[in-house]
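# An overview of the molecular structure
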Amino acid sequence: MTPARFSLLLAGIIWLSVGFRIGSRAMGWLEPYFVEPNWMLSLLFVSLVIGVIKSSTVLKKACLRNIANLDKIDSNPLNYLKGFLILFGARGVITILLMIALGFLLRFLKEIGYDPYNIFGFIYMGIALALAFASRFYFSEFTKQK
């Protein structure tokens, strides 16, 4: 397996695992709605729709832009470790850092009480689904590469 192909696999795994991690946090926040269901549980459908739309538009564009960086990953063995950073590029790494900062901000706001209706759980679920669904673009390209 070439470093470029390995980087595709790793990028897909990263997006999928981050999606699962964010989703598990969202499930914890949404647990009260599963214990005592009410109308707000229907917002899970909105989260699903947002996840599908975001994965098929914004994140697809980001994945394709990252996949275009494949030719920048040469066969240097060191690229098995850092190839995914080359794949994401500077713009992608900055976006990831901003998303991490946004996650910290949302969790901080939740802790100090700025989410009385638990909307952040539905937002997190939408983001988690979008990342998990969008990881398919990396896996699809991985299977095409030889």
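Structural notes, computed from the coordinates. (Residues numbered from 1 in each chain as written. Predicted model: local features only at pLDDT ≥ 70, side-chain atom pairs only at ≥ 80, totals over all residues. Heavy atoms only, no water.)

## Some thoughts on the layout of surface pockets
Where we set the bar: For cavity detection a 1 Å grid was placed over the protein atoms alone, and a set of points counts as a cavity when a 1.4 Å probe fits there but cannot get out; an open set counts as a pocket when protein lies on both sides within 12 Å along at least five of seven lines, with lining residues being those that have an atom within 4 Å of a point. Grid points are joined across faces, edges and corners, and a volume is the space filled by probe spheres set on the points. Helical segments are the DSSP runs of H or I of at least four residues, strand segments are the runs of E of at least two, and each set is numbered from the N terminus. Any residue that is not Ala, Val, Leu, Ile, Met, Phe, Trp, Tyr, Cys, Pro, Asp, Glu, Lys or Arg is counted as polar, Gly included; the first ten are nonpolar and the last four charged.
Space inside the largest pocket adds up to approximately 760 Å³. Surrounding the largest pocket, 27 residues form its lining, Val18, Ile96, Met99, Ile100 and Leu131 being those nearest its centre. It is helix H4 (residues 79–111) that provides the largest number of residues to the lining of the largest pocket, a total of eleven residues. Taken together, the residues of the lining of the largest pocket break down into 17 nonpolar, four polar and six charged.

## Quick word on the nonpolar core
Among soluble globular proteins, nonpolar side chains are generally buried collectively. Short version of the rule: In this description, a nonpolar core means a group of buried Ala, Val, Leu, Ile, Met, Phe, Trp, Tyr and Cys residues linked to one another through side-chain atoms lying within 4.5 Å. Each residue is placed in one exposure class: buried if its accessible area under a 1.4 Å probe, protein chains only, is under 20% of its type's maximum, exposed if it is over 50%, and partly exposed if it falls in between. The contact criterion used throughout is that any non-hydrogen atoms of two residues lie within 4.5 Å.
One finds Leu8, Trp15, Leu70, Leu87 and Tyr138 to be the most contacted residues of the largest nonpolar core, which totals 32 residues. Of all elements in the fold, only helix H1 (3–35), helix H3 (58–67), H4 and helix H5 (119–144) reach the threshold of two or more residues within this core. The element that contributes the greatest number of residues to this core is H5, accounting for twelve residues. Those residues in contact with Tyr138 that lie beyond four places of it in its chain are Leu8, Ala11, Gly12, Trp15, Cys63, Asn66, Ile67, Leu87 and Phe88.

## Overview of the packing of aromatic side chains
Put simply, the rule is: Any Phe, Tyr or Trp ring, taking Trp's six-membered ring, that has another such ring centre within 6.5 Å forms a pair; planes under 30 degrees apart are called stacked, those over 60 apart edge-to-face, and the others tilted.
In this structure the tally under the stated criterion is six aromatic pairs. When the centroid spacing of 5.2 Å and the interplanar angle of 75 degrees are considered together, the rings of Trp15 and Tyr138 count as edge-to-face. With Trp15 in helix H1 and Tyr138 in helix H5, the pair connects residues that are 123 residues apart, well separated along the chain. The class of Tyr138 is buried, set by a relative accessible area of 0%. With a centroid separation of 5.6 Å and an interplanar angle of 35 degrees, the aromatic rings of Tyr33 and Phe122 are classed as tilted. Of this pair, Tyr33 sits in helix H1 while Phe122 sits in helix H5, placing them 89 residues apart in sequence.

## Overview of H3
Keep this limit in mind: Directions from the helix axis toward the C-beta atoms define the arc.
Within H3, the full set of buried residues consists of Leu59, Ala62, Cys63, Asn66 and Ile67. The arc that holds every buried residue of H3, seen down its axis, measures 135 degrees, which confines them to one face. Turned more than 90 degrees from where H3 packs its buried face, Val58 and Lys61 sit exposed. Against the buried residues of H3 lie H1, helix H2 (43–56), H4 and H5.

## Quick word on H4
Rule in force here: To estimate how far a helix should extend, the number of its residues minus one is multiplied by 1.5 Å.
An ideal rise of 1.5 Å per residue puts 48 Å on 33 residues; H4 reaches only 40 Å between its terminal C-alpha atoms. Summarising the contacts, the buried residues of H4 are in contact with H1, H3 and H5. Directly after H4, the chain includes Gly113, whose backbone phi takes a positive value near 95 degrees.

## A short note on the packing of H2 against H3
The relative placement of two packed helices comes down to the angle between their axes together with the axis-to-axis distance. Where we set the bar: With axes taken as lines fitted to C-alpha atoms, and helix axes fitted only over the stretch in contact, angles between N-to-C directions fall between 0 and 180 degrees. An angle counts as roughly parallel when it lies under 35 degrees, as roughly antiparallel when it exceeds 145, as roughly perpendicular when it falls between 65 and 115, and as oblique in every other case.
Look at H2 against H3: their axes get within 3 Å of each other, and the N-to-C directions meet at 30 degrees. In terms of their interaxial angle, H2 and H3 are classed as roughly parallel. Packed against H2, whose contacting residues are Lys54, Ser55 and Ser56, the element H3 presents Val58, Leu59 and Lys60 at the interface. Residue composition of the contact of H2 with H3, grouped by class: two nonpolar, two polar and two charged.

## Comments concerning a nonpolar patch on the surface
Which entries qualify depends on this criterion: Here a patch means residues that are over 30% exposed by relative accessible area and free of salt bridges, tied together within 9 Å if like-charged and within 5 Å if nonpolar (Val, Leu, Ile, Met, Phe, Trp, Tyr). Accessibility throughout is a Shrake-Rupley quantity obtained with a 1.4 Å probe, and a residue counts as covered only by protein chains that appear here. What makes a salt bridge here is a side-chain nitrogen of Lys or Arg within 4 Å of a carboxyl oxygen of Asp or Glu, nothing more.
Among the surface-exposed residues, Phe45, Val46, Leu48, Val49, Ile50, Val52 and Ile53 lie close enough to one another that they form a single nonpolar patch of about 590 Å² accessible area. Overall, Val52 belongs to the partly exposed group, its relative accessible area being 39%.

Nothing here speaks to function; it is all geometry.
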